Every structure is written in structure tokens, then in C-alpha cells.
Amino acid sequence: ARKKGIPRVYIACNSGARIGGVEELKSIVQVEWVDSEDLLKGFKYLYIPDADMQKLPPQAVESHAISVNGETRHVLDAVIGAGLASTKGGVGVECLQGSGLIAGETSRAYEETFTLSYATGRSVGIGAYLNRLGQRNIQMVHGPMILTGAEMLNKVLGQQVYTTMDQLGGPHIMVPNGVTHELVQNDQDGVEAILRWLSFVPQNVLTIPPMISSRDPASRRVQFTPTKSPYDPRHMLTGVNVDGEWQAGFCDDGSFHEYLAGWGKSVVVGRGRLGGMPLGIVAVETRGMERRIPADPQEANSSDVVEIQAGQVWYPDSAYKTAQAIRDFNHGEHLPLLIFANWRGFSGGTRDMFAEVLKYGSMIVDALVEYKQPVTIYIPPNGELRGGAWVVLDPKINMEQIEMFADVEARGGILEPPAAAEVYFKKDKQVVEMMHRCDDALKQLDIRQAKGEDVAREIQQREKLLLPVYQQVAWEYCDLHDRAPRMKSVGAIRDGLSWAGSREYLHWRIRRRVQENSVARQLMRAVSGMSYASAMEVVTDLCSEAAAAAGAEAEDRAVATWIEENRSEVQLRIERERQRATEEEVYRLVSSLPAARRAEVVRDLFGYTRVAAKAGGPTSGMA
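Here the structure is a predicted model, which is why all the values come from computation and not from measurement.

Trainee: Could you give an account of the environment of R136, naming the residues involved and the relevant values?
Mentor: Mapping R136 onto the fold places it in the loop between helix 4 (126–133) and strand 8 (137–140). On the accessibility criterion, R136 (0% relative accessible area) is buried. Distance from R136 to T180, taken between C-alpha atoms, is 7.4 Å for residues 44 residues apart in sequence. Residues in contact with R136, not counting those within four places in the same chain, are Y110, F114, T115, L116, S117, H181, W197, D328, H331 and E333. One polar contact links the side chain of R136 to the main-chain carbonyl oxygen of H331, over a distance of 2.4 Å.

Encoded structure:
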């Protein structure tokens with residue numbers, strides 16, 4: 001799969017690394033007891049009689065010979081089993097070596113191509129690790145993933161604690177901890193899940209994910225609008241029936257499929273389509289969620305723990321989930337990424353700091369830094385992106401790939417307006433100054449006070465009456481700093497969008513960037529050492545006429561369509577760039593030679609090209 005760059009699907013059902021022994025020795029091995037009359041005193045060593053030893057292959061055992069009462073005994077130092085039938089296929093560490101080989105290959109495969117595992121039955125030890133090393137997992141309800149069997153653990157613990165393998169690695173363990181991406185009821189559903197996932201994946205690592213003809217056109221308006229009050233973000237993506245009337249969501253009808261649903265529930269991740277174009281999608285849960293930690297049967301006082309998680313906040317598990325999903329979209333899937341960013345920040349309490357929220361939040365940045373496909377950050381209507389949550393998504397993390405947009409009804413800033421007002425208006429001091437500047441009653445009282453009248457009590461009462469109202473004025477003033485026009489003006493976002501028409505705009509914007517990115521990657525593979533920026537300059541020049549003819553509003557559509565309809569011209573330009581770079585490299589290499597050698601090398605090259613041209617070799621087309 002790595003060599004050909006094609007998807008790799010692993011159907012997992014195994015009992016781990018094989019363990020065994022050398023069966024041929026069991027019937028001939030002898031024991032030297034400390035006291036043959038009292039076996040409870042133990043034994044000295046194991047040995048093989050000389051007659052039996054002569055029948056074994058030379059490397060069957062390592063031993064040293066001793067003589068006891070005239071009898072030659074071969075005391076066993078190690079059992080090897082070489083040349084014996086029972087060791088064929090391995091019985092010990094050689095099986096672990098093979099397991100290590102598979103593990104390393106699986107890890108490399110995830111980095112280089114698409115990997116997917118389906119646990120159709122139990123996966124033990126290395127079998128379970130392989131599922132995790134491939135990262136993406138579909139688990140059948142009767143396919144536990146465990147490290148050690150229940151019976152073995154009971155022996156270690158010295159008591160009957162576990163009764164089934166499901167207690168150790170069944171769905172109620174692997175779904176909430178994020179190892180399992182999708183749970184299915186049977187193999188029919190499992191194969192369907194595999195095919196559904198593959199439908200979003202490119203045929204090989206050099207191509208882009210497949211676009212399909214969609215019955216749901218990109219020009220269709222988005223009808224469901226996110227509200228300021230908590231809502232189910234899946235409705236924003238898929239649509240929902242409200243009072244008997246269907247309100248269509250952002251994704252193509254029926255195309256969004258959620259993964260990792262049982263883990264990090266304050267974030268929703270999945271794959272969907274936009275006008276037939278595949279996307280990796282991350283959205284935010286605005287409602288409060290529960291995280292349940294199951295009791296451990298080996299601890300008598302253990303009980304289930306339930307943690308409450310607020311909406312619009314990254315917790316350790318949901319931050320890790322976000323980073324994991326981004327890495328999966330990037331590696332092998334090559335999906336353009338769309339993040340509906342609606343976070344107020346990270347949970348920074350003692351428990352969550354101890355649970356490594358800082359580490360997992362940093363992993364989001366790491367995943368975005370290495371992302372090789374177009375990334376679109378969109379703050380949805382009535383959404384907000386604040387503080388550290390903005391920082392880990394900012395386009396400057398990966399300026400080659402990330403673009404940010406904000407809905408005209410969205411907000412972005414360091415603090416929410418009430419908190420910002422506390423800082424900006426100096427704990428209401430400047431709010432009071434605003435009252436005296438704007439309120440007619442206070443103006444009159446200030447005039448009377450300036451004339452020497454004692455109106456301090458009246459002023460204080462008036463200020464107290466107006467304070468709640470003017471605090472809201474202060475909040476509104478701070479809120480005006482967080483809107484899309486200012487974000488665009490300072491270059492924080494590319495543009496402000498209207499939610500209802502966002503499908504069509506983002507479809508063509510992302511589609512254009514996917515096509516441009518694909519051509520740029522082809523150029524970089526063809527021209528060794530070419531930077532992404534240089535490749536994009538070539539792409540921009542290649543599409544300049546189409547872009548200019550279309551105008552600013554239709555430019556994205558025109559460029560995307562031109563690239564898709566002019567593949568031969570694109571390939572011709574890539575070949576010209578390759579030849580140009582080759583000529584420059586040859587010239588550079590010849591120039592680096594001593595002057596006395598240059599003429600000889602040029603003469604030899606000229607002779608080589610003439611001979612190759614006559615033979616119809618690879619240089620025959622060069623001029």
C-alpha cells in the first residue's frame with residue numbers, strides 16, 4: 001500500500017503474538033531433584049540424557065555436559081528448538097519481532113497513505129496496537145480490543161475480577177476513549193462503513209479526493225440558522241425538521257457522517273460534502289455535555305464518575321479529538337478542512353490543567369502547521385472565537401493553507417464584551433464619566449455643583465440608577481470592536497460572509513484552492529527544491545487570463561473550472577517548468593566545475609545527446 005500509495009484496509013481478528021514451546025523436548029526432559037524422597041524441597045536443574053541428546057539437531061538446545069554416577073547428562077542452559085517441527089512459524093520472541101515489523105509498517109503507512117482498521121472480532125496485544133497505529137478504527141460490537149485477556153489479568157490480580165473481554169476493550173471502553181471512530185452492529189454494517197469512508201478518500205496519494213455529482217447544488221441556500229441559545233451543531237450541518245418544515249443545513253443533504261461521536265463530546269467531527277466536494281469538518285457543541293469515566297472492577301471502592309462540560313469550551317479530551325481529526329483528514333485522506341469555529345476558549349481549571357489540556361491544545365497547532373490541504377476557518381452566525389481559541393486557529397499558523405472568515409453576525413476578540421469592559425472602562429470609572437457627558441440630568445447636576453450647591457447625594461443616586469444601563473452601553477461599545485468589518489480591516493479574516501449564501505461562496509473558494517494546491521504539489525514533485533510559494537506563483541500565472549476575464553466576484557469559479565477543464569495545458573506547463581529547472585541545474589553543476597574541465601564535460605554531454613537521439617533514447621525530444 002505504501003509503495004503504490006493506495007488505501008490500506010486491515011480486517012482485525014486475532015489473538016495476539018503466538019506463544020508456544022518446543023514440543024519434542026517435553027517427553028525426554030528429566031529433572032534432578034534436591035531430594036528424590038522429598039520432592040517439595042525443589043529441583044536442581046533440568047537435563048536431557050545423552051542417548052536422547054544424540055537424536056536432536058545440533059542447535060535444538062544449549063547445554064553443558066556433566067557426569068553423574070557414570071551417566072552423561074546434558075544440563076539445559078537454554079531451549080532453542082532450531083530444526084524441530086514444533087518451532088516452525090515461531091514460538092516466542094521471533095513472533096514479537098514479526099509483531100514489531102507489522103507495527104512499524106503500520107505506523108509508517110498512516111503517515112504515507114490512507115489506513116483504516118475494522119475490528120470484526122477480538123484483537124489482542126499487538127492486534128489491538130495495530131488498530132491504534134492505523135489510527136482510524138471501525139469496531140463491531142462484539143470485537144473487543146484488549147492487551148491481555150480477562151483470565152490472565154485475574155491470575156495477576158490473584159482474584160476473579162474480570163469476567164469478559166468487553167470489560168477491558170469493548171465498545172463502552174473504546175468508543176468513549178477515542179480509539180474507536182465508528183461502532184457497527186454486524187459485518188454487513190462494517191463493510192458498508194468501510195465503503196462509505198473510502199468514498200471520501202483519493203485513489204492514491206498523488207490525487208485529490210473524488211468529487212461527485214450532487215443532487216444538492218452548491219447554490220442552495222442554508223436554511224437552518226445557528227442561534228445565540230444552545231443548539232445541536234449537527235442541525236447546522238445536516239438540517240432539521242422544525243415544526244413540520246424542513247430547514248436544510250450546510251452540507252449536501254444526507255452527506256455528513258459523524259465520527260468519534262462518543263469521545264470529547266464538546267466537539268463534533270466528521271466528513272461531508274459541499275456541492276459534491278468532500279470535506280473534513282469540525283464543529284462545536286454549544287450545549288453542556290457529560291463525560292463519564294467507568295468504574296474499575298479491580299478497585300472495590302471504584303464508581304462511575306460523571307464530569308459536566310460546558311459548551312463552546314475546549315477540554316482535554318475534545319482538544320485531543322480536534323487534533324486527532326485534523327491529522328486524520330490530512331494524512332492519506334487529503335481532505336480540505338472546514339472548521340466552524342465557535343469557541344470561547346480552553347478550560348483552564350486545576351483538574352483540566354492536570355489532565356493536560358495545555359498539551360492537547362498545542363497539538364491542534366501542530367496538526368494545522370503540517371496540514372497540506374486548504375483549511376477554512378469560519379466563525380458561524382451568533383458564534384464567537386476568543387482568546388487562546390483564536391490563537392490555535394489563526395491563519396498565521398500556516399499561511400500557505402489557512403484562510404479565516406467570519407459571519408456578519410459573528411464575533412471575534414480577546415475577551416467577551418462584559419469582561420473587556422471591565423478592563424477597557426477601568427472598572428466603571430469611565431462609564432461614570434460617560435454618564436456625566438451624555439445624560440442631561442447629570443449635566444444639570446454638574447452645573448449646580450459647580451455653582452456650589454450640595455447635590456452630591458442626588459448625583460450619587462442618579463449614577464446608581466443609570467449604572468446598569470450604561471454598563472450595557474459599554475458592553476455594546478466593546479462588542480463593536482469584535483465584528484467582521486474590523487476583523488477584515490486589520491487582516492484577521494479574509495472576508496465577512498452571509499450564512500444563507502455561504503454554501504456557494506465557500507464551495508467555489510475551497511474548490512479553487514484544492515485545484516490550485518493540487519497543481520502546486522505536482523510542480524513541487526516535478527521540480528526538486530521548488531518551494532510552495534514559487535509553485536503558487538506559477539499556478540497564478542497559469543490561471544491569470546481566466547481570473548482576469550471573470551472578474552473578482554466570479555474569479556474562484558472561473559479558476560477552478562479552468563484548471564479542471566484544461567488538464568493537458570496544466571501538464572504541459574508543469575513539464576516546461578521541469579525542463580527549465582533541469583537546464584538551470586545542469587548549468588549550475590557545469591559552472592561549479594574547474595574551468596579546465598567544463599569544456600570536456602560539455603563536449604561529452606553533446607556527444608551523449610547525439611548518440612541518444614539516434615538511438616531514440618530519452619533525450620531525443622530535447623532541443
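Trainee: Let's hear about the packing of helix 20 (residues 532–542) against helix 23 (residues 567–591): which residues, and what values?
Mentor: A packed helix pair is summarised by two numbers, namely the angle formed by the two axes and the spacing between the axes. Running from N to C, helix 20 and helix 23 point in directions that differ by 135 degrees, and their axes come no closer than 11 Å. Taken together, the axes of helix 20 and helix 23 lie oblique to each other. Viewed along their axes, helix 20 and helix 23 form a crossing whose handedness is right-handed. Along its contact with helix 20, which presents V538, D541 and L542, the element helix 23 presents V570, R573 and E577. Its residues assigned to classes, the contact of helix 20 with helix 23 comprises three nonpolar, no polar and three charged.

Trainee: Let's hear about the confidence of the model for the protein chain: which residues, and what values?
Mentor: Here the protein chain averages 93 in pLDDT, while 99% of its residues score no lower than 70. Note on residues 619–623: pLDDT is under 50 here. Beyond four places in sequence and across chains, it has five contacts.

Trainee: Give me the nonpolar core: which residues, what numbers.
Mentor: Counting 38 residues, the largest nonpolar core has W314, L337, I339, W343, I364, L385 and L393 as the members making the most contacts within it. The leading source of residues in this core is helix 10 (residues 316–330), at five residues. For I364, the contacting residues outside a window of four places in its chain are W314, A319, T322, A323, I326, F346, V392 and L393. With 24 residues, the next largest nonpolar core counts F224, L237, F250 and W499 among its residues.

Trainee: Account for the sheet that holds strand 10 (residues 182–184), with residues named and values stated.
Mentor: Working definition: the strands of a sheet are paired by backbone hydrogen bonds and lie parallel or antiparallel to each other. Spatially, 1-6-8-10 is the arrangement adopted by the four strands of the open sheet, whose pairing is parallel. Bordering the open sheet on either side are strand 1 (8–12) and strand 10, each of which pairs with just one other strand. Here the strands of the sheet are splayed against their neighbours by 20 degrees on average, with no regard to which way each runs. The pairing of strand 8 with strand 10 spans three bridges and is parallel. Bridge assignment links M140 to a residue of strand 10, and that residue is V184. Seen against the sheet, helix 4 touches strand 1, strand 6 (115–119) and strand 8 and runs at an angle of roughly 150 degrees to strand 1.

Trainee: How would you explain the sheet that holds strand 23 (residues 402–407) if you had to name every residue and give the values?
Mentor: On the basis of which strands lie adjacent, the open sheet formed by seven strands has the order 13-14-15-19-21-23-25 and mixed pairing. With partners counted over all chains shown, the strands left at the sheet margins are strand 13 (257–259) and strand 25 (495–497), one partner each. Across this sheet, the average inter-strand angle for adjacent strands is 30 degrees, counted without regard to direction. Looking at chain direction, strand 19 (residues 337–340) and strand 21 (residues 375–379) are connected through four bridges and run parallel. What sits directly across from I339, in strand 21, is I377.

Trainee: Explain helix 3 (residues 93–112) to me, using residue names and the numbers behind them.
Mentor: Here helix 3 is 20 residues long and its end C-alpha atoms lie 29 Å apart, about the 28 Å a rise of 1.5 Å per residue gives. The set of residues buried in helix 3 consists of C95, S99, A103, T106, A109 and Y110. In a view along the axis of helix 3, the buried residues occupy a sector of 125 degrees, so they form one face of it. Residues of helix 3 that are exposed and point more than 90 degrees away from the buried face comprise V93, Q97 and L101. Buried residues along helix 3 sit in contact with strand 1, strand 6, helix 4 and helix 10.

Trainee: Quick one: what's the story with the pattern of salt bridges, residue by residue and with numbers?
Mentor: One pass over the full model with this rule turns up 51 salt bridges. Between D252 and R503 there is a salt bridge; the shortest N-O distance is 3.1 Å. Taken together, the positions of D252 in the loop between strand 12 (245–247) and strand 13 and R503 in helix 19 (residues 502–526) put the pair 251 residues apart, joining distant regions of the chain. You'll find D252 and R503 in the same group, each marked buried. When the shortest N-O distance is used, the salt bridge between E584 and R580 registers 2.8 Å.

Trainee: I'd like a description of the packing of aromatic side chains, backed by residues and values.
Mentor: All told, the structure shown has 18 aromatic pairs when counted by the stated rule. Residues Y45 and Y47 carry aromatic rings whose centres are separated by 5.9 Å and whose planes lie at 65 degrees to one another, so their mutual orientation is edge-to-face. The rings of F250, F340, Y378 and W499 are connected pair by pair, giving a single aromatic cluster. Sitting over the face of the ring of Y47, R73 holds its NZ or CZ atom 4.3 Å from the ring centroid. Here the basic side chain of R271 rests over the ring of Y259, its NZ or CZ set 4.8 Å away from the ring centre.

Conventions adopted
Residues numbered from 1 in each chain as written. Predicted model: local features only at pLDDT ≥ 70, side-chain atom pairs only at ≥ 80, totals over all residues. Heavy atoms only, no water. Helix = DSSP H or I, 4+ residues; strand = E, 2+ residues; numbered from the N terminus. Buried < 20%, exposed > 50% of the residue type's maximum accessible area, 1.4 Å probe, protein only. Contact = heavy atoms within 4.5 Å. Polar contact = N/O pair within 3.5 Å; in protein donor to acceptor, adjacent residues only side chain to side chain. Axes fitted to C-alpha atoms, helices over the stretch in contact; angles between N-to-C directions. Parallel < 35°, antiparallel > 145°, perpendicular 65-115°, else oblique. Left-handed = near helix turned anticlockwise from the far one by under 90°. Nonpolar A, V, L, I, M, F, W, Y, C, P; charged D, E, K, R; others polar. pLDDT = per-residue confidence, 0-100. Core = buried A, V, L, I, M, F, W, Y, C linked by side-chain atoms within 4.5 Å. Pairing = 2+ DSSP bridges. Expected span 1.5 Å × (residues − 1). Arc of directions from axis to C-beta. Salt bridge = Lys/Arg side-chain N within 4 Å of Asp/Glu carboxyl O. Phe/Tyr/Trp six-rings, centres within 6.5 Å; stacked < 30°, edge-to-face > 60°. Lys NZ or Arg CZ within 6 Å of the ring centre and 35° of its normal.

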